[in-house]
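Structural features, examined
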Amino acid sequence: MLLRAVRGDITRADVDVVVNAANPGLLGGGGVDGAIHAAGGPDVLAECRALKAGLPGGRLPRGQAVATTAGRLPARWVVHTAGPIWSADEDRSAVLRSCYTESLRVADGLGARSVAFPAISAGVYGWPLEDAAVQAVAGVRAAAVQHVQEVRFVLFDDRALAAFEAAL
Ligand code: AR6
C-alpha cells in the first residue's frame, strides 16, 4: 500500500472509497460528515437509515465501519466509521486505530483500490491532531488488504497536513 497525505476537500477526492468520520447514530452531522452527506445527496442518507435499522440499538459501535454507495460523490462508496471522543483520562487510541483498520477491511471487501481518509476524531471529537495522525498511520499499517493499493489522507488545512506528513 502506498500511503500519502494531501491537502484538500475529501468530498472531491477521486478514489474508490471515501471514509466518513460519522457518529454512532449514522444520520449525518457537522464537519466532514455534513460535507459528505451534502455532496453525496439523499441516497447516501437513505442507505444509512437502512443500515442503522439493522444495527443493535440503531447504533454503530465506535471503531467499527459500514459501507454505502456514494451518491453524487466522485467516489464509488462511502465507508462510515464512528471515531472515539477524546478523553484525557482514558486511552481510547485502540478505538481510533480500529476506525482505520476496520474501514480498510470493509473497503478491501468491496474490492476498492484507493481509499481516502479524513483526520478521524480530530475535529468535533477533540483528538489532538499530532496524535490523531500517529494513530491513523498505525491503524492503516495494521490492516491486511488484498485490493487496496493507495491510502490517501485528505486533510483540510496546512496544520493537519503537516501532522500527517510527520506521522508518515
Ligand atoms: N474534507 C477533509 N477534511 C475535512 C472536511 C472535508 N470536506 N471537513 C472537515 N474536515 P470532524 P470528528 C476535517 O469534526 O472529530 C460530526 O458532527 C476537520 O478539519 O468532521 O471525527 C459527526 O457527525 C477535521 O480535521 O470529525 C460526529 O458527530 C477532521 O475533518 C462528529 O462530527 C475531522 O473533523 C465527528 O467528529
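Look above for the structure.
Since we're looking at a predicted model, the values are computed, not measured. (Residues numbered from 1 in each chain as written. Predicted model: local features only at pLDDT ≥ 70, side-chain atom pairs only at ≥ 80, totals over all residues. Heavy atoms only, no water.)

**Focus: the overall build of the protein chain**
Across its full length, the protein chain holds 5 helices and 6 strands. The N-to-C order of helical and strand elements in the protein chain reads β-β-α-α-β-β-α-β-α-β-α. Taken over the C-alpha trace, the protein chain has a radius of gyration of 14 Å; the compact-globule value for 168 residues is 15 Å, and the two agree within 12%. The C-alpha extent of the protein chain, read off along each of the three principal axes, is 40 × 35 × 30 Å. Summarising the internal contacts of the protein chain: among those between residues at least 6 apart in sequence, 72% fall at separations of at least 24. (Helix = DSSP H or I, 4+ residues; strand = E, 2+ residues; numbered from the N terminus. Rg over C-alpha atoms; globule rule 2.2 N^0.38 Å. Contact = heavy atoms within 4.5 Å.)

**Some details on the packing of aromatic side chains**
Considering all chains together, one arrives at 5 aromatic pairs under this definition. Ring geometry for W86 against W127: centres 5.1 Å apart, planes inclined by 75 degrees, an arrangement best described as edge-to-face. You can see W86 sitting in the loop between β4 (77–82) and α3 (93–109) and its partner W127 sitting in the loop between β5 (114–117) and α4 (129–141), a full 41 residues away along the chain. Cluster of aromatic residues (ring-pair linked, three or more members): Y100, F117, F153 and F164. (Phe/Tyr/Trp six-rings, centres within 6.5 Å; stacked < 30°, edge-to-face > 60°.)

**Overview of helix α5 (residues 158–167)**
Taken together, the buried positions of α5 are A160, L161, A163 and F164. Each buried residue of α5 lies within a common arc of 160 degrees when the element is viewed along its axis, so the set occupies one face. Exposed residues pointing more than 90 degrees away from the buried face of α5 are listed as R159 and A166. The inward-facing, buried residues of α5 abut β1 (2–7), α3, α4 and β6 (150–155). By the N-cap criterion, in which a side-chain oxygen at the helix start approaches the backbone nitrogen of a residue two or three places on, α5 is capped by D157, the distance to R159 being 3.3 Å. (Buried < 20%, exposed > 50% of the residue type's maximum accessible area, 1.4 Å probe, protein only. Arc of directions from axis to C-beta. Polar contact = N/O pair within 3.5 Å; in protein donor to acceptor, adjacent residues only side chain to side chain.)

**Quick notes on the packing of α3 against α4**
Between α3 and α4, the least distance of the axes is 8 Å, while the angle of their chain directions is 45 degrees. Put simply, α3 runs oblique to α4. In this structure, α3 meets α4 at a crossing whose hand is right-handed. Residue-level contacts link S93, L96, R97, Y100, T101 and L104 of α3 to A132, Q135, A136, A138, G139 and V140 of α4. Across the contact of α3 with α4, the residue classes break down as 7 nonpolar, 4 polar and 1 charged. (Axes fitted to C-alpha atoms, helices over the stretch in contact; angles between N-to-C directions. Parallel < 35°, antiparallel > 145°, perpendicular 65-115°, else oblique. Left-handed = near helix turned anticlockwise from the far one by under 90°. Nonpolar A, V, L, I, M, F, W, Y, C, P; charged D, E, K, R; others polar.)

**Remarks on the site of the ligand**
Contacts to the ligand come from 22 residues, most closely from N23, G30, V32, D33 and V124. S121 is positioned such that a nitrogen or oxygen atom in its backbone is 2.8 Å from an oxygen atom of the ligand. Surface burial for the ligand is 88%, taken as the share of its 710 Å² of free accessible area covered by protein chains. When atoms are counted within 2 Å of each cavity's grid points, the one that captures over half of the ligand is the largest pocket. Going through the elements one at a time, β2 (17–22) and α1 (31–40) are the ones with two or more residues in the shell around the ligand. It is α1 that contributes the most residues to the shell around the ligand, 4 residues altogether. (Near = heavy atom within 4 Å. Areas by Shrake-Rupley, 256 points an atom, 1.4 Å probe, with all protein chains shown as cover. 1 Å grid on protein atoms, 1.4 Å probe; cavity = no way out; pocket = protein on both sides within 12 Å on 5 of 7 lines; lining within 4 Å. Sits in = over half its atoms within 2 Å of the grid points.)

**Things to note about the pairing of β6**
Within β6, 6 of the 6 residues are buried, which leaves the element mostly enclosed by the surrounding structure. Of the two faces of β6, both are covered, the one formed by E150, R152 and V154 as well as the one formed by V151, F153 and L155. Examined bridge by bridge, β1 and β6 share 6 bridges and lie parallel to one another. When the bridges of β6 are listed, L3 appears paired with V151. (Pairing = 2+ DSSP bridges.)

The analysis is restricted to geometry; functional conclusions fall outside its scope.
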